[in-house]
Amino acid sequence: MPHIVSVLVHTPAHSGLGGPLTYLSEQALAPGVMVRVPLGARETLGVVWDSSPEQDPSAKTGTTTNISVGHGKTEAAHLPKLKQVAAVLADLPALNPAWRSLVGFAAGYYQRSLGEVALSALPPQLRDLDTTQLARRLKGPSSSSASSISKGKPSRQTITPPATPTPADLEAKIEPNTNTNTNTNTDAKLKPHLEPQLPALTPEQTAALAAMTQHPGPYLLFGATGSGKTEVYLRRVAEVLAQDPQAQALVMVPEINLTPQLEERFNTRFAAALGAGAVVAMHSGMTAPQRLKSWLAAHQGRARIVLGTRMAVFASMPHLRLIVVDEEHDPSYKQQEGARYSARDLAIYRGKLEGLPVILGSATPSLETWHHSRPDGGRYLRIHMPSRVGLAPGKPNSDPKAPPADLPLVRRVDMNHQPKRAVFSPPLVEAIKARISQGEQVMVLLNRRGYAPVLACSECDWKSDCPYCSAYRVFHKIDRSLRCHHCGLAQPVPRACPSCGNPDITPLGRGTERLEEHLAELLAEVRRPDPNNPDGAPVRIARIDADSTRLKGELASQLAQVHAGDVDVLVGTQMIAKGHDFRRITLVAAVNPDGALFSSDFRAPERLFSLLMQSAGRAGRDAALRSRSEMWVQTFHPAHPLFAALKQHDYPAFADSQLQEREQAGLPPFSFQALVRSDARTQDSAQGFLQAASQAGAALAEQFGVTLYPAVPLSIQRVANVERAQMLMESASRAALQKFLAAWQDTLHATRASPAGKGVIRWAVDVDPLAI
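Report on the accompanying structure.

Definitions and cut-offs
- Residues numbered from 1 in each chain as written.
- Predicted model: local features only at pLDDT ≥ 70, side-chain atom pairs only at ≥ 80, totals over all residues.
- Heavy atoms only, no water.
- Core = buried A, V, L, I, M, F, W, Y, C linked by side-chain atoms within 4.5 Å.
- Buried < 20%, exposed > 50% of the residue type's maximum accessible area, 1.4 Å probe, protein only.
- Helix = DSSP H or I, 4+ residues; strand = E, 2+ residues; numbered from the N terminus.
- Contact = heavy atoms within 4.5 Å.
- Pairing = 2+ DSSP bridges.
- Axes fitted to C-alpha atoms, helices over the stretch in contact; angles between N-to-C directions.
- Parallel < 35°, antiparallel > 145°, perpendicular 65-115°, else oblique.
- Nonpolar A, V, L, I, M, F, W, Y, C, P; charged D, E, K, R; others polar.

1. Digging into the nonpolar core
Of all hydrophobic cores here, the largest spans 117 residues; its most connected members are Met34, Leu122, Phe314 and Trp744. The greatest single-element share of this core, amounting to seven residues, is contributed by helix α1 (residues 97-109). The contact partners of Met34, leaving out residues within four places of it in the chain, are Leu45, Gly46, Val47, Val88, Leu89, Leu92, Pro93, Leu95, Leu122, Leu126, Trp295 and His299. In terms of nonpolar packing, the next biggest core, distinct from the first, is built from 31 residues, Leu209, Leu221, Phe270 and Ile359 among them.

2. Observations regarding the sheet that holds strand β10 (residues 305-308)
Taken in spatial order, the seven strands line up as β9-β10-β8-β11-β12-β7-β13 in an open sheet, and their pairing is parallel. At either end of the open sheet lies a strand with only one pairing partner, and these are β9 (279-282) and β13 (381-385). Adjacent strand axes in the sheet meet at a mean angle of 20°, parallel and antiparallel pairs treated alike. Sheet topology places strand β8 (residues 248-252) next to strand β11 (residues 320-326); five bridges connect them, and they run parallel. Opposite Gln248, over in β11, you have Leu320 as the bridge partner. Against the sheet, helix α7 (residues 229-243) contacts β7 (219-223), β8, β10, β11, β12 (358-362) and β13, and its axis sits at roughly 175° relative to β11. Strand contacts of helix α10 (residues 343-354): β8, β11 and β12, with the helix running at about 160° to β11, the strand carrying the most contacts.

3. Overview of the packing of helix α15 (residues 604-616) against helix α17 (residues 651-665)
Packed helices, taken two at a time, are described by the angle their axes make and the gap between the axes. In contact at an axis separation of 11 Å, α15 and α17 are set at 170° when each is read in the N-to-C sense. Judged by the angle between their axes, α15 and α17 are roughly antiparallel. Contact residues: α15 offers Pro605, Glu606, Phe609 and Met613, while α17 offers Tyr651, Phe654, Gln658 and Arg662. Partitioning the contact of α15 with α17 into residue classes produces five nonpolar, one polar and two charged.

4. A closer look at unusual backbone geometry
The step from Gly217 to Pro218 runs through a cis peptide bond, and the omega angle for that step is 0°. If you trace the backbone, Pro218 turns up in the loop between α6 (203-214) and β7. Residues Pro668 and Pro669 are joined by a peptide bond in cis, for which omega reads 10°. Looking at the element boundaries, Pro669 is found in the loop between α17 and β27 (672-680). For His649, which is not glycine, the phi torsion reads 50° and is therefore positive. You can see His649 is positioned in the loop between α16 (641-647) and α17.

So this is what it looks like as structure tokens:
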């Protein structure tokens, strides 16, 4: 007998098709089953959803005609109005209720359509495979060991995801779960999952693991760089896997370049016991077939450990028992396109939803996480590991105000007292030479790639503006090009000024390319130790940034050279500042960090402190070289409180002062924000749309206690000939802001369709924005 089913397909938020579409099926299909359905002139992947047409007023028919049905059946008169489900992907297990609830919450909270979030969370290649092609993929050797869930019938259990999060749902983002299903007696169970020789745990690591068995979480593992947080992750994952033969763990990292080294450590620890394929990676740098293979392994329960970037928070893992979010402070966890979700926040919500522990790890936690882990009323358990692994007994300082004895000494260089236009102060140059002569490595940080940020004419006012963006094209000397880092425009460097013909056009400012060149000049006479040459060998300098690692495999190759000691000086951007275990680096230098000290972005000091403290953590990771480790910070503002806290490695003092300022100013985490951004052909159109929507929603905003600020251009207001504007919304209540946004959606769509929306290309809501 024919059945009507609700199916989610990929529909962007601005399309107006926010809910599932209705289709006709010859068989009853449980929620979560994946199908192929016709959509317009094409066939696409869909997911059978929980709501039926009579329950969901936003549900549409496959032919965009609403009908009235009941109990999943329809009468013959209605059949011509519905399109048939083209195929059922019966070989795949249904997406479970917890996954569907996560998608439902994310769609509601971040103001996107259900279909967009659900289908974006699935591997792209899955959308292109028909049933025959999928069956062929599933017949590989790796699928033969699939758990029983891949052969059973799809579950009919349902958890209807909320269209809009309730206040309780919203607060669950930051409330701990109450799961107490822990096992403290795991020593015997750990052995099958661990390699024969394990590193001895420090007392702090032992205490951290014990705390995690006595408290349900979430946990903030606040550990100094080099304190052994990764070993805690490994041990906790081992405990969880030992308790349940089907258990799965999700471990997240902020950036792709950190995934391979973490994957190697987890494979070394677990592959022998769990078998090949038990540890898989998920990130956007993988090919489409690789992503599909990893997703299928996780979805079918064959992968026991999933390592991934922010996209992995949506991984379908039917036996998930633990989530780890490493470097939880990193802005990369916030998606900046499409559904602008925070993977860290969704990890916390997923832990609450599924009743499982979540570990947030960082040496410099986000201020939101630090606030939520405060001892008096915080929702997370803060676990502190202040000492580095390998610290000798009795080494800690007796003076609580002194910097930790095993962390790098921070030296502030007052550039006001150095030679004019000096890039490197003379004392720093001598310190670099001394390290190289002793066979040690140096890391130089400058968070700006290219040779120079701008080319300029000395005779007229010409500068290398991008014709399509309100930004400069960056000079890249290595290929003599001017490149816009926003729209991608690349052009050869002109032989003379395009405006006046002056041949003397000069680079202004410095990027990593220019820094690399300048260091080569400064160190030309320096020799590094060479066992085959008593006179030594020339200094080797390497640069790691987005330009030098564009080719596949180049990043891994350069990192391997650093680890092998084949590089004396490593120059790079923030890519080299976090997560890397460089054993031979004893000196880190930050060349020009002052730019963020006086930024209009209230989060800039937090990001700068995190970057510098993480960079300092790359020095002295080998216990034998630790006493010599230093970080040099060249600044024109050495007395700034941020550098004073950095010198003491005193993150708590810095965080508490920042939180005090934010509380006085009513900024997050003491208020809640959202942005509406609009892109248009003219700035007037972009701002006009936002102002019209603001006026139409003014009464609604007042009702919910939400403040609407005027529309303004973005800091870079034009990109690729598209003008960009934004409007900030703020409220003291997260729930009130969410209610307003949900109620205001219809107004935004109506404004877009009105004369005020003429010229608008797209618009989007960004909840909990990181950049304003």
